[in-house]
Each structure stands twice: as C-alpha cells, then as structure tokens.
Amino acid sequence: MDLEARSLQPNVKAVLLAKLREYKSDLNNLKSEHKRLASANSNQAARDDLLESGMADAMSVSANQRGRLMMSTERLNESSDRIKESRRTMLETEELGVSILQDLHQQRQSLLHANDTVFLLLKVPYRLHLLSGKFEGKDERKRLMRKGGRKNK
C-alpha cells in the first residue's frame, strides 16, 4: 500500500500516506494491546470482556477501512478509464495529423509540378521566337510571355 500511495499524484499521495500512517499506528496499538492481554492471564472474565470490546472496535475499524479502500479503488478505476480514453483520443489526433501532413505534402508536390509545367510552357514560345530570328528586345519577350501565360490559364 505504501508503494502504491507514493506513486500517486502529490495531492492524493499526502492524504493516503497520512491515512496509512494512522492505520500503521492503529495496528501497532492493537499488537501491543494483544501482547498485554496475552501476558495477563489473571482474570478470565476481564480478559473475555476486553477481547469482545476489542473485536467490536476492530470490526468497526475494519469495516470503515474496507469502505474507504473500496471507494479509493473505485476512484482509481475511474482515473484509469479516463487515462485510457485520453490516450485513445491522443492516438486518433496523431493519426489525423499524420494524414493531414501527407495530404499537404501531396498538394505541395502537385503545385511544384504545375509550376514547373507552366514555366516550361512559357519558355517554349520565347525559345521558338529566338530560334526564328525575330527577337526584337525585352518588350517583345514580355509580350510573348504574357501571351503564353494567358493561353494556358
């Protein structure tokens, strides 16, 4: 129990460790009382009375401890379920992010390919014009590039 309590969150850990110390103290008190009663064999009736009252106290303490333990176990199970649900949500989000990144990569590749294609198509009329010997300067080149760009749109 001590190891389990130490592995919990600080706010829960402090409460559980305090209870654990209390339980250990109660156990030590009961052990010492048991030793005292076992060594004192003088009066059987007094001894029976002490044992009966001690057992009643032990039973009520035990029932109280059992109830708290069950409540703590229930809370622990609920926390475990929330952690599992959070992990599932995190994995789904990660998968979605990977899918989005793959889609963006494909779109980027398509855009780069389209850009290269447009650039090549714009260069073809200019090169043909140069080869025909009719190049007249920068203005003609700009006009041809604009004209080639409109044809492909």
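As a reminder, the structure under discussion sits directly above these lines.
Residues numbered from 1 in each chain as written. Predicted model: local features only at pLDDT ≥ 70, side-chain atom pairs only at ≥ 80, totals over all residues. Heavy atoms only, no water.

Visitor: Tell me about a nonpolar patch on the surface, and please be specific about residues and values.
Guide: A contiguous nonpolar surface patch, about 400 Å² in accessible area, is contributed by L96, I100, L101 and L104. Mapped onto the elements of the fold, L96 is located in helix α3 (residues 44-132). Residue L96 is classed as exposed on the basis of its relative accessible area, which comes to 53%. (Patch = residues over 30% accessible without salt bridge, like charges linked within 9 Å, V, L, I, M, F, W, Y side chains within 5 Å. Areas by Shrake-Rupley, 256 points an atom, 1.4 Å probe, with all protein chains shown as cover. Salt bridge = Lys/Arg side-chain N within 4 Å of Asp/Glu carboxyl O. Helix = DSSP H or I, 4+ residues; strand = E, 2+ residues; numbered from the N terminus. Buried < 20%, exposed > 50% of the residue type's maximum accessible area, 1.4 Å probe, protein only.)

Visitor: Provide a residue-level description of the pattern of salt bridges, including the pertinent values.
Guide: Applying the stated rule across the entire model yields two salt bridges. We note a salt bridge from E85 to R88, for which the minimum N-O separation is 2.4 Å. Placement of the pair is E85 and R88 together in helix α3, with a separation of three residues, close to one helical turn. Taking the relative accessible area as the measure of exposure, E85 reaches 40% and is therefore partly exposed. In this structure R88 comes out as partly exposed when scored by relative accessible area, which is 40%. For R88, the salt bridge identified is with E92, shortest N-O distance 2.3 Å. In this pair, R88 and E92 both sit in helix α3, four residues apart, roughly one turn of the helix. Residue classification places E92 among the partly exposed positions, given a relative accessible area of 42%. One network of salt bridges, in which partners are shared, links E85, R88 and E92.

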